[in-house]
Amino acid sequence: MHIDKKKCIGCANCVPVCPMGAIYIAQDRLAEVNSEVCVECQACYRGMSVENLPQQPTRFLRGLLAFFKLRFQPDPDICPTGAITRDELVWPRTLRRTFSDPLVPHESTGIGGRGTMEVKTNDVTERIKEGEAGFTVEFGRPGIGAYFRDVDRVCRALAATAAVFEPENPVTVLMTDAKTGKIREDVLNEKVLSCILEFKVKITEMPEMLKIVEREVNHLDTVVALGIAIRCDAEGNDTVRKQIEALGFDAWRGKLNMGLGRRTNPQPVPEVKS
Ligand code: SF4
Ligand code: SF4
């Protein structure tokens, strides 16, 4: 994304719209985008209405009114001159948009945004089976984002254990080899609003995973949110809460799947033996 300086009047309406703080008013009193910070989420381009006022007369009018202590300020959701300009993105920068713009489907999943349906659809996908613990590690947030070099560090640490990365996940797709967890070299310096890594282990290996994630997160230049998914027992109780709390973490149920989903991938019916 960039600002067309021939159009911009420096009203600063676009500055608070950017979730990454990438837009600022430069010394020439016109807006600029810090392309290193910009994650190509398109919020500025899509989120603001456009009025195609001519730059020179509008700037002149603003300056004149300012001289008389008066203001001409467009409504806050408007770029009065249509100066916010979308770039033709090329690889690997396209990755920024794929992960940060919820309206762009990811090639690996066909789903917009940064991940898969995760465990929210476990009712029908059965990704997490009994005795398994599924992990989601969410890197980045608005305001800070996440570089793939940080994601790479955690992936490589986890790959050295029994962790099995979810093959449909768009972060896994970026690995040169899911056995090493190494993310391809050409995307390491790309930044996204956030992305989600998914893997699973046996429940007995869960404490080790928690320790690894906690250790690696301390070296990252971003924030991380960790989720664990398990199947409840027949009474609806989870079997890991006490274990997690004993390791010094807070644990609470954030989401509950009721098991009411329609199974679209039926398991083979076992043969009835007489
Ligand atoms: S909203 Fe438009 S005219 Fe105003 S500072 Fe931003 S790019 Fe420039
Ligand atoms: S595309 Fe997104 S991150 Fe980039 S300048 Fe616009 S709002 Fe900010």
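So, how was this worked out
- Residues numbered from 1 in each chain as written.
- Chains lettered and ligands numbered in written order.
- Predicted model: local features only at pLDDT ≥ 70, side-chain atom pairs only at ≥ 80, totals over all residues.
- Helix = DSSP H or I, 4+ residues; strand = E, 2+ residues; numbered from the N terminus.
- Buried ≥ 20, exposed ≤ 12 C-beta atoms within 10 Å, placed from the backbone.
- Contact = placed C-beta atoms within 7 Å.
- Core = buried A, V, L, I, M, F, W, Y, C linked by C-beta atoms within 7 Å.
- Domains from an automatic or database assignment.
- Pairing = 2+ DSSP bridges.
- Axes fitted to C-alpha atoms, helices over the stretch in contact; angles between N-to-C directions.
- Near = placed C-beta within 6 Å.
- Nonpolar A, V, L, I, M, F, W, Y, C, P; charged D, E, K, R; others polar.
- Parallel < 35°, antiparallel > 145°, perpendicular 65-115°, else oblique.
- Left-handed = near helix turned anticlockwise from the far one by under 90°.

(A) Spotlight on the overall build of the protein. When its secondary structure is counted, the protein shows eight helices and 14 strands. Taken across its 274 residues, the protein has 31% of its residues classed as buried. Look at the contacts in the protein between residues 6 or more apart in sequence, and 75% of them connect residues 24 or more apart.

(B) Expanded view of the nonpolar core. Core analysis: the largest hydrophobic core is formed by 53 residues, its most contacted members being Cys-14, Cys-44, Ile-84, Val-151, Cys-195 and Leu-197. Listing elements by their share of this core, those giving two or more residues are strand S3 (31-33), helix H1 (43-47), helix H3 (94-100), strand S7 (132-139), helix H5 (148-159), strand S13 (195-202), helix H7 (206-217) and strand S14 (224-229). For this core, the element with the highest residue contribution is H5, accounting for five residues. Of the residues that make up this core, three or more belong to each of domain 1 (2-85) and domain 2 (95-246). Residues in contact with Ile-84, not counting those within four places in the same chain, are Met-1, Ile-3, Cys-14, Cys-44, Tyr-45, Met-48 and Cys-79.

(C) Quick look at the sheet that holds strand S9 (residues 164-165). Taken together, four strands build an open sheet; the order of strands is S9-S13-S7-S14 and the sheet is antiparallel. Both edges of this open sheet fall to S9 and S14, since each of them pairs with a single strand only. By the bridge criterion, six bridges tie S7 to S14 in an arrangement that is antiparallel. What sits directly across from Glu-138, in S14, is Ala-225. Running over the sheet, H5 touches S7 and S13 and is turned about 5° from S13. Sheet strands touched by H7: S7, S13 and S14. Its angle to S7, the strand with the most contacts, is close to 10°.

(D) Examining unusual backbone geometry more closely. A cis amide bond, omega 5°, links Trp-91 with the succeeding residue Pro-92. On the secondary structure map, Pro-92 appears in the loop between strand S6 (84-85) and H3. For Ala-12, which is not glycine, the phi dihedral falls at a positive 75°. In this fold, Ala-12 is placed in the loop between strand S1 (2-3) and strand S2 (23-25). Of note in the backbone geometry, Arg-29 takes a positive phi value of approximately 65° without being a glycine. Topologically, Arg-29 is positioned in the loop between S2 and S3.

(E) The arrangement of the environment of Trp-91 in detail. On the secondary structure map, Trp-91 appears in the loop between S6 and H3. With 9 C-beta atoms packed within 10 Å, Trp-91 lands in the exposed category. Measuring from C-alpha to C-alpha, the distance between Trp-91 and Val-187 comes to 8.7 Å, with 96 residues separating the pair along the chain.

(F) Here's a closer look at the site of ligand 1. Near ligand 1 lie 14 residues; those nearest to it are Cys-8, Cys-11, Cys-14, Ala-31 and Cys-79. Residues of the shell around ligand 1, tallied by class, amount to eleven nonpolar, three polar and no charged.

(G) Just the pairing of S13, in detail. Counting buried positions along S13 yields six of eight residues, so the element is predominantly enclosed. With eight bridges connecting them, S7 and S13 associate as antiparallel partners. Looking across to S13, one finds that Gly-134 is bridged to Lys-200. Looking at chain direction, S9 and S13 are connected through two bridges and run antiparallel. Paired with Phe-165 across the bridge in S13 is Phe-199.

(H) Structural detail: the packing of H5 against H7. Look at H5 against H7: their axes get within 10 Å of each other, and the N-to-C directions meet at 150°. By the criterion of interaxial angle, the relationship of H5 to H7 is roughly antiparallel. In the crossing of H5 with H7, the sense of the turn from one axis to the other is right-handed. Residues Arg-153, Val-154, Ala-157 and Leu-158 of H5 form the contact with H7, whose own contacting residues are Ile-212, Val-213 and Glu-216. A per-class count over the contact of H5 with H7 returns five nonpolar, no polar and two charged.

(I) Examining the environment of Arg-127 more closely. Checked against the element boundaries, Arg-127 lands in the loop between helix H4 (122-125) and S7. The exposure class of Arg-127 is partly exposed, given the 18 C-beta atoms found within 10 Å. For the pair Arg-127 and Phe-199, spaced 72 residues apart in the sequence, the C-alpha separation amounts to 10.0 Å.

(J) Up close: the environment of Asp-4. Looking at the element boundaries, Asp-4 is found in the loop between S1 and S2. Judged by C-beta crowding, with 14 C-beta atoms within 10 Å, Asp-4 ranks as partly exposed. Sequence-distant contacts of Asp-4, defined by excluding residues within four places in its chain, comprise Ala-83 and Thr-85.

By themselves, these observations are geometric and do not establish any function.
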